[in-house]
Amino acid sequence: MADRVTVIGWDGSPLTAAASAALGAATLVAGAAHHLALPEVPAGAERIRLGSVALAARRIAAHRGTAVVLADGDPGFFGVVRTLRAPEFGLEVEVVPAVSSVAAAFARAGMPWDDAQVVVAHRRTLRRAVNVCRAHTKVAVLTSPGAGPAELGLLLEGVHRSFVICEELGTARERVSVVTSDKAADHTWRDPNVVIVLGGPARPDTAGETGWIAGRDPSAGPRGWSLPAEAYGGDLGEGETQLLRASQLARLGPRVGDLVWDIGCGSGAFAVEAARAGAAVIAVDSDRAACARTDATARRLGVQLQIVHGAAPHVLENLPEPDVVRVAGGGAAVVSAVADRRPQRIVTHAATRDAAELIGRDLTEHGYGVECALLQSVELDTRAWTEKERSVAFLLSGVLPKRGA
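Computed from a prediction, not measured in an experiment: that's the story for all the values here.

(A) Seen up close, the sheet that holds strand 7 (residues 138-142). Across the sheet, which stays open at both edges, the five strands sit in the order 6-7-10-8-9 with mixed pairing between neighbours. Two strands close off the open sheet at either side, each with one partner strand: strand 6 (117-120) and strand 9 (175-180). With strand direction ignored, the average angle separating the axes of adjacent strands in the sheet is 20°. Two elements, strand 8 (residues 162-167) and strand 10 (residues 193-198), share six bridges in a ladder whose sense is antiparallel. Residue pairing for strand 10: isoleucine 165 is matched across the bridge by valine 195. Lying on the sheet, helix 6 (residues 126-135) is in contact with strand 6, strand 7 and strand 10; it crosses strand 6 at an angle near 160°.

(B) Quick peek at the packing of helix 8 (residues 242-252) against helix 9 (residues 269-276). Packing of helix 8 against helix 9 brings their axes to within 11 Å, and their N-to-C directions diverge by 40°. The orientation of helix 8 relative to helix 9 falls into the category oblique. Crossing of helix 8 against helix 9: the hand is right-handed. Residues Arg245, Gln248, Leu249 and Leu252 of helix 8 form the contact with helix 9, whose participating residues are Ala269, Phe270, Glu273 and Ala274. Taken together, the residues that form the contact of helix 8 with helix 9 break down as five nonpolar, one polar and two charged.

(C) Spotlight on unusual backbone geometry. Of the consecutive residues aspartate 191 and proline 192, the connecting peptide bond is found in the cis state with omega at -5°. Checked against the element boundaries, proline 192 lands in the loop between strand 9 and strand 10. Note that the residue after alanine 312, namely proline 313, is joined by a cis bond; omega there is 10°. By the element assignment, proline 313 lies in the loop between strand 13 (306-309) and strand 14 (324-327). The phi torsion at glutamate 168 lies on the positive side, around 45°, for a residue other than glycine. Locating glutamate 168 in the fold gives a position in the loop between strand 8 and strand 9. One non-glycine residue, arginine 342, lies in positive phi territory at about 60°. Topologically, arginine 342 is positioned in the loop between helix 11 (331-340) and strand 15 (345-350).

(D) Broad picture of the packing of aromatic side chains. The tally for this structure, following the rule as stated, stands at two aromatic pairs. The ring of tryptophan 225 carries the charged tip of arginine 276 above its face, separated from the ring centre by 4.7 Å.

(E) Focus on the pairing of strand 2 (residues 28-31). Going residue by residue along strand 2, you find Leu28 and Ala30 tucked away on one face and Val29 and Gly31 tucked away on the opposite face as well. As defined by bridge partners, strand 2 adjoins strand 3 (residues 46-49) across four bridges and the pair is classed as parallel. In the strand pairing of strand 3, leucine 28 is matched with glutamate 46. As judged from the three bridges shared by strand 2 and strand 4 (residues 66-72), these two strands associate in the parallel manner. Residue pairing in the sheet places alanine 30 in a bridge with valine 69 of strand 4.

(F) The nonpolar core, seen in detail. By size, the foremost hydrophobic cluster in this structure holds 26 residues, and its most contacted members are Trp261, Ile263, Leu316, Val327 and Val338. Secondary-structure elements contributing two or more residues to this core are strand 11 (259-263), strand 12 (280-285), strand 14, helix 11, strand 15, helix 12 (353-365) and strand 17 (386-399). If near-sequence neighbours (up to four positions away) are discounted, valine 327 is found in contact with Ile263, Val334, Val335, Val338, Ile346, Val347, Thr348 and His349. Judged by nonpolar contacts, the second largest core, of 23 residues, contains Tyr232, Leu249, Ala279 and Ala298.

(G) Main features of the packing of helix 11 against helix 12. As a packed pair, helix 11 and helix 12 sit with axes 10 Å apart at the nearest point and diverge in direction by 15°. Relative to helix 12, helix 11 is oriented roughly parallel. Helix-helix and strand crossings are classified by hand; for helix 11 and helix 12 the assignment is right-handed. Along its contact with helix 11, which presents Ala332, Val335, Ser336 and Ala339, the element helix 12 presents Leu358, Ile359, Asp362 and Leu363.

Each value, and the rule that gives it
Residues numbered from 1 in each chain as written. Predicted model: local features only at pLDDT ≥ 70, side-chain atom pairs only at ≥ 80, totals over all residues. Heavy atoms only, no water. Pairing = 2+ DSSP bridges. Helix = DSSP H or I, 4+ residues; strand = E, 2+ residues; numbered from the N terminus. Axes fitted to C-alpha atoms, helices over the stretch in contact; angles between N-to-C directions. Contact = heavy atoms within 4.5 Å. Parallel < 35°, antiparallel > 145°, perpendicular 65-115°, else oblique. Left-handed = near helix turned anticlockwise from the far one by under 90°. Nonpolar A, V, L, I, M, F, W, Y, C, P; charged D, E, K, R; others polar. Phe/Tyr/Trp six-rings, centres within 6.5 Å; stacked < 30°, edge-to-face > 60°. Lys NZ or Arg CZ within 6 Å of the ring centre and 35° of its normal. Buried < 20%, exposed > 50% of the residue type's maximum accessible area, 1.4 Å probe, protein only. Core = buried A, V, L, I, M, F, W, Y, C linked by side-chain atoms within 4.5 Å.

This is the structure:
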């Protein structure tokens, strides 16, 4: 095992005394090509081109001597420190940090970033990173080859965002560009880079205020879930009772990184509450008035939605792949078309048992585990404790067992 392992963050500025001393004593140095070319790297040290951090960690663990790992920015922030500290390698690590690439990118843009979401995009997580960009007004994306600005722009089709693209920060080739998301695919971008994705209105109750928590403020907006009809402009229409909406949200469990389809968005109540959970939401309705109402509600409550006018199932063909879907309109035919797209979860409701059985059988044939519950609610007038309104619905949910919860 290496006698000592020091991880040095590098941001293009001169190395600190502690970093220079550790690097000067190293018998093994691991890093990217531009790190290994630094004049401070000892001529006689073994050099490892850092590709797989796990492979490098194995070589470091087998090395007898003093090892240094060079990494861009703060190596403890989405960096190599986590892998090097994995129990299987048994390495004791000292860290000399530098300014993180995210902090440097926002500094170049002259913007605060305590209110930003920060995500890592590589081929496996690119879609989820894009969903965060859909749902939030300020996101920093740490990119990778094959999951860079061009790919982000292509997957954000239909959603307007501004990109601040910071290439090769801290090097002589550093470049900062500002483009709209639809133009990002027209260029070739150099790695590594950080993309600041901006767009959409600020939350009305927090605009201009100093925050108290990094990222999205969980206390923004009204308190509570499944808000009353008055929060959405009064009558919600058929199938949009508070109890049913709360049950649908509970079964779908929308979360950050998810893309939710809300088919038959109506008043926008469900779509807005899914967005308040941090998910990206595409709200679909064949009624232009419903689309306009949903848009107004989203703006008033300060959440990001993409609204698509059109009739399902045809309008769904060109939408990006969903994680979870609520079907509020269209019946069995739309549920079947949604199931063909294989989201993790689907929730819908039916007015009669026969309609519920038809939908349930179709979901089962598509490989979903199906649950059905009869929901009955009675709203009481608390002035006289008399019945005010009664609603009954069959709530159906389908889960793909192999894709988990």
